[in-house]
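Observations on the three-dimensional arrangement
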Amino acid sequence: MPIDEVQVRAIAERVAASSGLEVVDVEFHGGGKGRTLRVFIEKNADGRRELEEKLAQETVEGERVLSPPAWDQLAGVTHEDCANFSREFGTILDVEDAIPGAQYLLEVSSPGLDRKLAKPEDFERFSGSRVKIMTREPILGNRHFEGRLQANGAGQITLDLSTEKKKGKRKKAAEPEETGKAVVIEMSNIERAKIVPEI
């Protein structure tokens, strides 16, 4: 019997909402006894704001007063958040038999530095970040782009492709020959998008 992904996501979102969290993504991989359900969570907007304020209070003149917190600063989740979500979500999945058949492995974590962007709110929140995007239909003869994100609203984003290329690295096919170029992409044409960590 196939898994009802809509039902699984709805359960995940219900559990997350009751804990001040949001579901970033739900992935299901494998088959038979090797099935894995991955859920990526983060604090909701209020929770992230509280953590940012807490971090600001722990910082004096740009230097941290306390040791780094045990939470993902981008998503705001702790190991305890993941464990509590996993326990409650797993119990409901089993009670409602939402994943029929053989056993499966449930993994719950923060989305990480190279997080996926899926919802319009994600693109707004991470406007200014460097991102990789794959489109459904080609634009300027390409489907793969990397550049600086600018959220436009109205169902579009602009990607600044004029970012510097690293010396000694092969030029990405998605970057046009000219610098200073930008491309406008319809949100409906985005197949995959994720942040490129800048360290």
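Remember, predicted model here, so these are calculated numbers, not experimental data. (Residues numbered from 1 in each chain as written. Predicted model: local features only at pLDDT ≥ 70, side-chain atom pairs only at ≥ 80, totals over all residues. Heavy atoms only, no water.)

Comments concerning the overall build of the protein chain
A count of helical and extended segments in the protein chain gives four helices and ten strands. Secondary structure elements of the protein chain occur, N-terminal to C-terminal, as α-β-β-α-β-β-α-β-α-β-β-β-β-β. Within the protein chain, buried positions represent 38% of all 199 residues. Of all intrachain contacts in the protein chain linking residues separated by at least 6 positions in sequence, the fraction that spans at least 24 positions is 60%. When the accessible surface of the protein chain is summed, it comes to about 12100 Å², and 50% of that surface belongs to carbon and sulfur atoms. (Helix = DSSP H or I, 4+ residues; strand = E, 2+ residues; numbered from the N terminus. Buried < 20%, exposed > 50% of the residue type's maximum accessible area, 1.4 Å probe, protein only. Contact = heavy atoms within 4.5 Å. Areas by Shrake-Rupley, 256 points an atom, 1.4 Å probe, with all protein chains shown as cover.)

Quick look at the pattern of salt bridges
Once the charged atoms of two side chains with opposite charge are near each other, the side chains can pair. One pass over the structure, following the stated rule, counts 13 salt bridges. When the shortest N-O distance is used, the salt bridge between Asp25 and Lys116 registers 3.2 Å. In this pair, Asp25 is assigned in strand β1 (residues 21-29) and Lys116 in the loop between β5 (104-109) and α4 (120-125), connecting sequence segments 91 residues apart. Taking the relative accessible area as the measure of exposure, Asp25 reaches 16% and is therefore buried. (Salt bridge = Lys/Arg side-chain N within 4 Å of Asp/Glu carboxyl O.)

Concerning the sheet that holds β5
Taking strand neighbours across the sheet as the criterion, the three strands line up as β1-β2-β5 in an open arrangement whose pairing is mixed. The open sheet is flanked by β1 and β5, the only strands paired with a single partner. Ignoring which end each strand starts from, the neighbouring axes of this sheet average 15 degrees apart. Bridge count for strand β2 (residues 35-43) against β5 is six bridges, and the pairing is parallel. Looking at the pairing, Arg38 lines up with Glu107 of β5. Running at roughly 150 degrees to β1, helix α1 (residues 5-18) makes contact with β1 and β2 of the sheet. Across the sheet, helix α3 (residues 79-95) lies against β1, β2 and β5, angled at about 145 degrees from β5, the strand it touches most. (Pairing = 2+ DSSP bridges. Axes fitted to C-alpha atoms, helices over the stretch in contact; angles between N-to-C directions.)

As for the nonpolar core
Leu37, Val39, Ile41, Phe85, Phe89 and Leu93 are the most contacted members of the largest nonpolar core, which totals 21 residues. Taken together, the elements giving at least two residues each to this core come down to α1, β1, β2, α3 and β5. The residues touching Leu93, leaving out its near neighbours within four places in the chain, are Val8, Ile11, Leu37, Ala98, Ile99 and Tyr104. Counting residues in hydrophobic clusters, the runner-up holds 17 residues, among them Leu117, Phe126, Ile139 and Val183. (Core = buried A, V, L, I, M, F, W, Y, C linked by side-chain atoms within 4.5 Å.)

Let's talk about the sheet that holds strand β10 (residues 190-195)
On the basis of which strands lie adjacent, the open sheet formed by five strands has the order β9-β8-β7-β6-β10 and antiparallel pairing. What marks the edges here is a single partner per strand, and that holds for β9 (182-186) and β10. Taking the axes of each pair of neighbouring strands and ignoring which way they run, one obtains an average angle of 40 degrees across the sheet. In the sheet, strand β7 (residues 142-153) pairs with strand β8 (residues 156-160) via five bridges, with the strands oriented antiparallel. Counted as the bridge partner of Ala151 is Ile157 from β8.

Read these as layout, nothing more, since geometry by itself doesn't imply function.
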